[in-house]
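Listed below are the residues making up each chain.
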Amino acid sequence: GLLRVDHVGIAVPDLDEALAFYERTFGLRCVHEETNEEQGVREAMVAADPDGGGARIQLLAPLRPDSAIAKFLDRNGPGLQQLAYTVRDVEAASAALRARGLRLLYDEPRRGTAGSRINFVHPKDAGGVLVELVQPA
Ligand code: V0V
């Protein structure tokens, strides 16, 4: 099952500018930053409670024009792109949702932030929301 909201992903054209905006405007702190070549993103996790267990905000900037985030920005401009839930077992959670008739984007989990394992539900099968499942490292 789903344990809690892990993070909310926001598509941004420029990661450094977005980080500066979130720090300066909302006082959020960057707790992690990495490049994920497979997903075609440079991403940063920011938090209101850097030492607590609260949900993170994931700022996502495109590495390549053919990436998911680049396509999203072309179509919608910057904004909310995904809602991610923490799960204990991403294979089991994916199988349970498949059994309920939802399309998972990947047959096998892929690598997400900080060594996590991730999969996604197609937004057309989840009320227009790109839902991510995250099994933390
Ligand atoms: C597309 N659609 C969305 C959407 N992206 N709806 C809600 N939220 C989104 N983010 C709608 C779009 O408006 C179309 O609706 C329809 O879906 C198109 O579906 P499609 O042609 O099958 O696919 P694409 O080419 O638009 O791609 C959408 C998907 C793609 C979701 C398949 O973005 C994808 O593979 N995403 C998963 C990977 C990802 O997002 N990576 C970046 C984050 P109409 O116009 O037909 O009504 S990486 C990450 O999260 C990491 C590293 C992490 O968390 O650790």
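Our structure's up above, just so we're on the same page.
Residues numbered from 1 in each chain as written. Predicted model: local features only at pLDDT ≥ 70, side-chain atom pairs only at ≥ 80, totals over all residues. Heavy atoms only, no water.

*Asks:* Would you explain the site of the ligand in this entry?
*Replies:* In the region of the ligand, 23 residues are neighbours, and Arg75, Gln82, Thr113, Lys124 and Glu132 sit closest. Take Gln39: an N or O atom from its side chain is 2.9 Å from a nitrogen atom of the ligand. At 3.1 Å from an oxygen atom of the ligand is found a side-chain nitrogen or oxygen belonging to Gln58. The fraction of the free accessible surface of the ligand (1,000 Å²) that becomes covered by protein chains is 71%. Given that more than half its atoms are within 2 Å of the pocket grid, the ligand belongs to the largest pocket. Secondary structure elements with two or more residues in the shell around the ligand: strand S4 (56-62), helix H2 (68-76) and strand S5 (79-87). Tallying contributions element by element places H2 first for the shell around the ligand, with five residues. When the residues that make up the shell around the ligand are grouped by side-chain class, the tally is nine nonpolar, 10 polar and four charged. (Near = heavy atom within 4 Å. Polar contact = N/O pair within 3.5 Å; in protein donor to acceptor, adjacent residues only side chain to side chain. Areas by Shrake-Rupley, 256 points an atom, 1.4 Å probe, with all protein chains shown as cover. 1 Å grid on protein atoms, 1.4 Å probe; cavity = no way out; pocket = protein on both sides within 12 Å on 5 of 7 lines; lining within 4 Å. Sits in = over half its atoms within 2 Å of the grid points. Helix = DSSP H or I, 4+ residues; strand = E, 2+ residues; numbered from the N terminus. Nonpolar A, V, L, I, M, F, W, Y, C, P; charged D, E, K, R; others polar.)

*Asks:* Help me out: how do you make sense of the side chain of Glu34 in this one?
*Replies:* Relative to the helices and strands, Glu34 is located in strand S2 (residues 29-36). The exposure class of Glu34 is buried, given its relative accessible area of 15%. A polar atom in the side chain of Glu34 sits 2.8 Å from the backbone nitrogen of Ala114. Apart from residues lying up to four places away in sequence, Glu34 is in contact with Val41, Arg42, Glu43, Arg111, Gly112, Thr113 and Ala114. (Buried < 20%, exposed > 50% of the residue type's maximum accessible area, 1.4 Å probe, protein only. Contact = heavy atoms within 4.5 Å.)

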